[in-house]
Amino acid sequence: MRRNRFESNSLGIIPRLANMLPLLVGVFILFLFLRGVQSVSDTTAAKQQESLETALNRSIAQCYAVEGMYPPSLRYIREHYGLTYDESKFVIDYRCEGSNLMPEVMVLPIN
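Computed from a predicted structure; not experimentally measured.

K.L.:
Would you take a moment to explain the pattern of salt bridges for this structure?
P.N.:
A side chain with one charge may pair with a side chain of the opposite charge, provided their charged atoms come close. On inspection of all chains with the given rule, the structure shows three salt bridges. As a salt-bridge pair, Asp 93 and Arg 95 come within 3.2 Å of each other at their nearest N and O atoms. Overall, Asp 93 belongs to the partly exposed group, its relative accessible area being 25%.

Structure (structure tokens):
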């Protein structure tokens, strides 16, 4: 069979894209899945931080109600009121100015 020298053996752009379409769709679906997992992870970390802040504030209020003074340190709250948290995920900045003043508390996530 004789070939026409003006015909090309290579595929055109549309057939190439059609062949790559399943791969592109798969990569896109994988990207969406990973974004969803990251979103769930971020939401979970925010909920954990919120829960820790609530537990800490309740322990401080309970100490003041029971003992008539605010806890002098974070260690005091942990020992006497059973506060526990994952120290590898959060840092608590606890500043107490006096036994009759509400302490300043900040919960910071560790990234």
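That shown, we press on.
K.L.:
Is there a simple way to think about the nonpolar core in this case?
P.N.:
One broad trend across soluble globular proteins is that nonpolar side chains are buried collectively. The biggest cluster of nonpolar side chains holds 15 residues, and the ones touching the most others in it are Leu 52, Leu 56, Leu 74, Ile 77 and Ile 92. Taken together, the elements giving at least two residues each to this core come down to helix H1 (13-67), helix H2 (74-81) and strand S1 (90-95). Other than its neighbours up to four places away in sequence, Ile 77 contacts Leu 56, Ser 59, Ile 60, Pro 71, Gly 82, Leu 83 and Tyr 94.

K.L.:
Is there a simple way to explain the state of the cysteines in this structure?
P.N.:
In a disulfide, the sulfur atoms of two cysteines are held together by a covalent bond. All chains considered together, the criterion is met by zero disulfides. Left unpaired, Cys 63 is separated from the closest cysteine sulfur, that of Cys 96, by 9.3 Å. The class for Cys 96 is partly exposed, based on a relative accessible area of 28%.

K.L.:
What am I meant to see in the side chain of Gln 49 here?
P.N.:
Locating Gln 49 in the fold gives a position in helix H1. Relative accessible area serves as the criterion here: at 19%, Gln 49 is assigned to the buried category. Not counting residues up to four positions away in its chain, the partners in contact with Gln 49 are Phe 90, Val 107 and Pro 109.

Rules used in this analysis
- Residues numbered from 1 in each chain as written.
- Predicted model: local features only at pLDDT ≥ 70, side-chain atom pairs only at ≥ 80, totals over all residues.
- Heavy atoms only, no water.
- Salt bridge = Lys/Arg side-chain N within 4 Å of Asp/Glu carboxyl O.
- Buried < 20%, exposed > 50% of the residue type's maximum accessible area, 1.4 Å probe, protein only.
- Core = buried A, V, L, I, M, F, W, Y, C linked by side-chain atoms within 4.5 Å.
- Helix = DSSP H or I, 4+ residues; strand = E, 2+ residues; numbered from the N terminus.
- Contact = heavy atoms within 4.5 Å.
- Disulfide = S-S within 2.5 Å.

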